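So you can see what is in the structure, the chains are spelled out below.
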Amino acid sequence: MPYLSNDKLPPSVRNHLPLAAQSIYREAFNHAWKTYVSDARQEEIAHRVAWAAVKRRFHKAEGGDWEQDGS
């Protein structure tokens, strides 16, 4: 179930990540979805890959908001 746009992402992603991070998540998820098509854990792996991609560029600040690294 690749995501065609950020507004189709799960609420846990849409409601917590800034727009740029949502785009990173969506692109990484969609790529992993295609890469692991034959794996029974395809969806789980795609979500893990997507979160890892976000965490390379963003971090969760003290207040709980996600901020881009270097901010």
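Think of each chain on its own: its residues are numbered from 1, step by step along the sequence as written. Only residues with pLDDT of at least 70 get local features here, since the model is predicted, and only at 80 or more are side-chain atom pairs given and counted; chain-wide, interface and lining totals rely on the full set of residues. Heavy atoms from the whole structure form the basis of all side-chain values; hydrogens and water molecules are not counted.

## What to know about the overall build of the chain
Next up, step 1: The number of helices and strands found in the chain is three helices and two strands.
Next up, step 2: A globule of 71 residues ought to have a C-alpha radius of gyration of about 11 Å, and the chain, at 12 Å, matches this closely.
Next up, step 3: Considered along the principal axes of its C-alpha atoms, the chain spans approximately 40 × 20 × 15 Å.
Next up, step 4: Partly exposed residues are those whose accessible area sits between 20% and 50% of the maximum for their type, while under 20% is buried and over 50% is exposed, using a 1.4 Å probe and protein chains only. Evaluated residue by residue, the chain yields a buried proportion of 37% over its 71 residues.
Next up, step 5: For the chain, the share of sequence-separated contacts (at least 6 apart) that also reach a separation of at least 24 residues comes to 35%.
Next up, step 6: Areas reported here follow the Shrake-Rupley algorithm with a probe of radius 1.4 Å; residue values treat only the protein chains shown as occluding. With the model as given, the accessible surface of the chain reaches about 4800 Å², and the carbon-plus-sulfur share is 50%.
Next up, step 7: Of the side-chain charges in the chain, 10 are positive and 9 negative, and the distance between the mean point of each set is 5 Å. Note on conventions: DSSP H or I runs of at least 4 residues are helices, E runs of at least 2 residues are strands, and numbering of each starts at the N terminus. Radius of gyration here is computed from C-alpha atoms only, and the compact-globule reference equals 2.2 Å multiplied by the residue count raised to the power 0.38. We call two residues in contact when some of their heavy atoms are within 4.5 Å. Working convention for charge: Lys and Arg count positive, Asp and Glu count negative, and His plus the chain ends are omitted. Throughout, a charge is located at the NZ atom of Lys, the CZ atom of Arg, the CG atom of Asp or the CD atom of Glu.

## Remarks on the nonpolar core
Next up, step 1: By nonpolar core is meant a set of buried Ala, Val, Leu, Ile, Met, Phe, Trp, Tyr and Cys residues that side-chain atoms within 4.5 Å join together. The biggest cluster of nonpolar side chains holds 17 residues, and the ones touching the most others in it are Leu17, Tyr25, Phe29, Val54 and Phe58.
Next up, step 2: Broken down by secondary-structure element, the contributors of at least two residues to this core are α2 (19–35) and α3 (42–57).
Next up, step 3: At seven residues, the largest contribution of residues to this core is made by α2.
Next up, step 4: Not counting residues within four places of it along the chain, the set of residues in contact with leucine 17 comprises Gln22, Tyr25, Trp51, Val54 and Trp66.

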